[in-house]
Amino acid sequence: LVAAGDPLQLPPVIATPAYLSLPAQPASAGGATHGSSAASGTASAGPLDSLLRPLFVRLSQIGHESHLLTYQYRCHPQLSGIANAAFYGGKLRDGCSASDRRPLLPCLPPLLFVEAQGQAQLDGFTRSSYNTAEAHIVSRTVAALLDNGVCAEEVGVICFYRAQVNTIR
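These numbers come from a predicted model, not from an experiment. (Residues numbered from 1 in each chain as written. Predicted model: local features only at pLDDT ≥ 70, side-chain atom pairs only at ≥ 80, totals over all residues. Heavy atoms only, no water.)

## Quick word on the overall build of the chain
If you tally the helices and strands in the chain, you get six helices and four strands. Here the chain, with 169 residues, has 17% of them falling under the buried criterion. Summarising the internal contacts of the chain: among those between residues at least 6 apart in sequence, 42% fall at separations of at least 24. (Helix = DSSP H or I, 4+ residues; strand = E, 2+ residues; numbered from the N terminus. Buried < 20%, exposed > 50% of the residue type's maximum accessible area, 1.4 Å probe, protein only. Contact = heavy atoms within 4.5 Å.)

Structure (C-alpha cells):
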C-alpha cells in the first residue's frame, strides 16, 4: 500500500448527524479524538473516535512508517512559511519561488491578513459558524478582483464552515 498525503492536514469532517450525537466517552475509556491520546498511539474507543482520526494517524498507530516529502510546490514561500514554522519544524522546502507565485494583481502583497471585526454566530439549524462582517469583506474583495480583470477561475475562497459559505454566497 502506498498512501500519499499529509498527516498534518485537517482531520476528517464528520457530516453524518448520527455520529455527532454519540455520547462522549470518559478519557479513561479511550474516547479521545484526533490530537489526543487516541491519536498518539493508544487504543481506539469506538466508531466516533476512529472517524475523527485521519487515515495517516491510524496507519502510523499500527506500525506503518511515514516519510515527509521535502518540497512543496503549491504555495508562495511566504504562505508555506507559516505552515512550515507551525507544523513541520522548518523541514519543508519551497520548490517554487516568489516569482513563480505572483499575486493576482501587481499591487497586492503575496499574503495579507485582514481584521474583519464582527461576531461569530452559530446557525441554529446546521450548528455551523459564520461571521457576517467577514463574509462582506470576502464578497467585496472577490468583486474587486473580478472588476480589476482577474478571471473568476483564478479566484478561490476557502471556508471552514458551511454556514460561512452560505453567508458569502
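## Things to note about a nonpolar patch on the surface
Among the surface-exposed residues, Leu79, Ile82 and Phe113 lie close enough to one another that they form a single nonpolar patch of about 320 Å² accessible area. Locating leucine 79 in the fold gives a position in helix α4 (residues 77-87). (Patch = residues over 30% accessible without salt bridge, like charges linked within 9 Å, V, L, I, M, F, W, Y side chains within 5 Å. Areas by Shrake-Rupley, 256 points an atom, 1.4 Å probe, with all protein chains shown as cover. Salt bridge = Lys/Arg side-chain N within 4 Å of Asp/Glu carboxyl O.)

## What to know about the environment of alanine 163
Note on placement: alanine 163 falls in helix α6 (residues 162-168). Residues alanine 163 and arginine 127 lie 36 residues apart in sequence; the distance between their C-alpha atoms is 8.4 Å. Filtering out sequence-adjacent residues up to four positions away, alanine 163 remains in contact with Asp123, Ser128, Ser129 and Tyr130.

## Details of the side chain of asparagine 131
Relative to the helices and strands, asparagine 131 is located in the loop between β4 (129-130) and α5 (132-147). Using a relative accessible area of 6% as the deciding quantity, one classes asparagine 131 as buried. Here the side chain of asparagine 131 touches alanine 133 through a polar contact of 3.0 Å, landing on its backbone nitrogen. Excluding residues that lie within four positions of it along the chain, asparagine 131 makes contacts with Gln117, Gly118, Gln119, Ala120 and Gln164. (Polar contact = N/O pair within 3.5 Å; in protein donor to acceptor, adjacent residues only side chain to side chain.)

## Let's talk about the confidence of the model for the chain
Fine structural detail should not be taken from predicted coordinates in areas where pLDDT scores are low. Confidence in the prediction for the chain averages 79 pLDDT; 75% of positions are at 70 or higher. Mean pLDDT across the elements of the chain bottoms out in helix α1 (residues 17-20) (52) and peaks in strand β2 (residues 93-94) (96). (pLDDT = per-residue confidence, 0-100.)

## Structural notes on α5
With 16 residues, α5 should reach 22 Å at 1.5 Å per residue; the first-to-last C-alpha distance of 22 Å fits that figure. Glycine 149 sits one or two positions beyond α5 and adopts a positive phi of about 95 degrees. (Expected span 1.5 Å × (residues − 1).)

## A closer look at the environment of histidine 76
With respect to the secondary-structure elements, histidine 76 resides in the loop between β1 (71-72) and α4. Distance from histidine 76 to arginine 102, taken between C-alpha atoms, is 7.8 Å for residues 26 residues apart in sequence. Histidine 76 has contacts with Ala98, Arg101 and Pro110, leaving out every residue within four places of it along the chain.

## Regarding the side chain of glutamine 164
Counting through the fold element by element, glutamine 164 comes out in helix α6. By relative accessible area, glutamine 164 is classed as buried at 7%. Ignoring any residue separated from it by four or fewer positions in sequence, one finds glutamine 164 in contact with Ser129, Tyr130, Asn131, Glu134, Ala135 and Cys159.

## Some details on the state of the cysteines
Counted by the stated rule, this structure contains zero disulfides. Among the cysteines around cysteine 75, which has no disulfide bond, cysteine 96 carries the closest sulfur, lying 7.5 Å off. (Disulfide = S-S within 2.5 Å.)

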